[in-house]
Amino acid sequence: MKKIKVGVLGAYRGTSMINYCKVADNAEVVAICDNWSEALERQKWACEGLNITFYDNFDDFIKHDMDAVVLANFATEHAPFAIRCMKEGKHVFSEVLPCQTMKEAVELVEAVEETGMVYAYGENYCYMPAPLEMKRLYQQDKIGELEYAECEYLHNCDPIWPSIAYGDPNHWRNNMYSTFYCTHSLGPILHICGLRPVSVVGFEGGGDANSLRTGRRSKNFGIEMVTLENGAIVKSIHGATYKDGNWYRVEGTKGRMESARADAEAGDIHRIYVNTDEYPSGYDTEKLDTYLVDENADPIIRKFGHGGSDFYSMYNFINKLQGNEEADIIDVYEALDMFLPGLFAFRSILNGGVSVNIPNLRDKAERENWRNDIACTDPKVAGEQVLPCRKGGNLSIGIDVYEEQKRLFLEDLKSDSGYSTMAFTQSSVKKENK
């Protein structure tokens, strides 16, 4: 079977997808596009010897002979590029997040339906070892029907903030709201159970010291309390607490499953605990199993980021394009199920913590209510519908904060070390000699 020809938009975050194509036998990168010249030059070095064309503008890039496009550009700009790619006859693998506004959400769904192209959402946390195993066991009815779940993605990005926001006051990371980046926490739970979210209550928290130091205008973290279509409740927390954490727990009608806590030093998202009963309410039959899910995983896969999940998200996308209808991709409807709770949780926050219904964009009639809704925290997109980045209005942050962040970013680039450069290392993923 011929290799799928892949183009990558975004030379920085796209490194992981490029590396997948370097080791896979079913795909090859044929084009890379970025308007950040330094990132593009580093990819030229990292991809030396490969037949890849490099572009600094999307208009030329999209004309290249390729089957699919990986979107690894800014998180707030995926939908417009995804729509254009599909209308140009290219399949799409879209990094997080799928869109920024409800208008974009409607247009994205309709573009998928109208073009018939494959759209896969790259929520890699769904393919981490523990959540992926939980999905397999849940589909086997190991714990019965979901009643309650908890999930968290906590990542203190302050030490690397200069390298991911560049000291730019208008960078999306400095202008997002607390519940925006919700799919790393909530996404795996929805992928495990396959249930649709129907309503949400939102909360935001954290002090202002970090924001005043980094230039981030939102609160530090967000919480969504989500009700699913079967009545189950999910508590999702994500954002920048001081200590990192990544954890998932699902409670069913006859048992529970969860990943290991970070401070337990037991393997984190590589370990799973499964506590089940042979009969409902039968504590005398309780059985606890625990094991490292990927203990015998291929060493090549282990080299990929986020617990190997960067490999599997791309693998399933390419597998789908090669005709496997059972390939485990996240389609556009599920992608929006993962994203919309965060969007509407923030509307809940701005309205005093009321419960807000989450639209089902599978319903064509319901789309009409949102077709012109461009409310978001990006003034360039929202215009008169612009929202503050937190309840009560944006913080006043001095230009000196951004100047210092920019200085640190440029210093990091000059030193050729740190978060901003490590993704381009040639040896980050190599085929092992057999």
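Below is a short write-up of the structure. For clarity, every value in this text was computed on a predicted model and none was experimentally measured.

1. A few points about helix α12 (residues 309-321)
Then step 1. In this model α12 runs 19 Å from its N-terminal to its C-terminal C-alpha over 13 residues, within 8% of the 18 Å that 1.5 Å per residue would give.
Then step 2. For α12, the buried fraction is high: 11 of the 13 residues fall into the buried class.

2. Side note on the sheet that holds strand β5 (residues 91-94)
Then step 1. Spatially, β3-β2-β1-β4-β5-β6 is the arrangement adopted by the 6 strands of the open sheet, whose pairing is parallel. The outermost strands of the open sheet, each flanked by one partner alone, are β3 (53-55) and β6 (119-121). Neighbouring strand axes in the sheet, compared pairwise and without regard to direction, differ in orientation by 25° on average.
Then step 2. As judged from the 4 bridges shared by strand β1 (residues 4-9) and strand β4 (residues 68-71), these two strands associate in the parallel manner.

3. Brief notes about the pattern of salt bridges
Then step 1. With the rule as written, the count across this model stands at 29 salt bridges.
Then step 2. Across the pair R13 and D310 runs a salt bridge, and its minimum N-O distance is 3.4 Å. With R13 in the loop between β1 and α1 (15-23) and D310 in helix α12, this pair connects stretches of sequence that are 297 residues apart.
Then step 3. Owing to a relative accessible area of 26%, R13 belongs among the partly exposed residues under this scheme.
Then step 4. When its relative accessible area of 5% is taken as the criterion, D310 is described as buried.
Then step 5. Ionic pairing is found between R256 and E251, a salt bridge with its closest N-O pair at 3.8 Å.
Then step 6. One network of salt bridges, with partners in common, ties together E110, E113, R367, E368 and R371.

4. Examining the packing of aromatic side chains
Then step 1. All chains considered together, the criterion is met by 20 aromatic pairs.
Then step 2. On the numbers, 5.9 Å between centres and 90° between planes, the contact of F180 with F339 is edge-to-face. Of this pair, F180 sits in the loop between α8 (172-175) and α9 (183-193) while F339 is found in helix α13 (residues 332-350), placing the two residues 159 residues apart along the sequence.
Then step 3. For F339, a relative accessible area of 0% translates into the label buried.
Then step 4. Measuring from centroid to centroid gives 6.0 Å for F311 and Y315, while their planes differ by 15°, and the two rings are stacked. A residue pair is termed a helical-turn pair when its members lie 3 or 4 positions apart in one helix, as F311 and Y315 do in helix α12 at 4 residues.
Then step 5. In textbook terms, an aromatic cluster arises when at least three aromatic residues are bridged by ring pairs, as seen for Y125, Y153, W172, Y177, F180, Y181, F339 and F346.
Then step 6. One Lys or Arg, R216, reaches over the ring of W161 and ends 5.1 Å from the middle of that ring.
Then step 7. We note R261 situated over the ring of W247; from NZ or CZ to the ring centre the distance is 3.5 Å.

Conventions used here
- Residues numbered from 1 in each chain as written.
- Predicted model: local features only at pLDDT ≥ 70, side-chain atom pairs only at ≥ 80, totals over all residues.
- Heavy atoms only, no water.
- Helix = DSSP H or I, 4+ residues; strand = E, 2+ residues; numbered from the N terminus.
- Expected span 1.5 Å × (residues − 1).
- Buried < 20%, exposed > 50% of the residue type's maximum accessible area, 1.4 Å probe, protein only.
- Pairing = 2+ DSSP bridges.
- Axes fitted to C-alpha atoms, helices over the stretch in contact; angles between N-to-C directions.
- Salt bridge = Lys/Arg side-chain N within 4 Å of Asp/Glu carboxyl O.
- Phe/Tyr/Trp six-rings, centres within 6.5 Å; stacked < 30°, edge-to-face > 60°.
- Lys NZ or Arg CZ within 6 Å of the ring centre and 35° of its normal.

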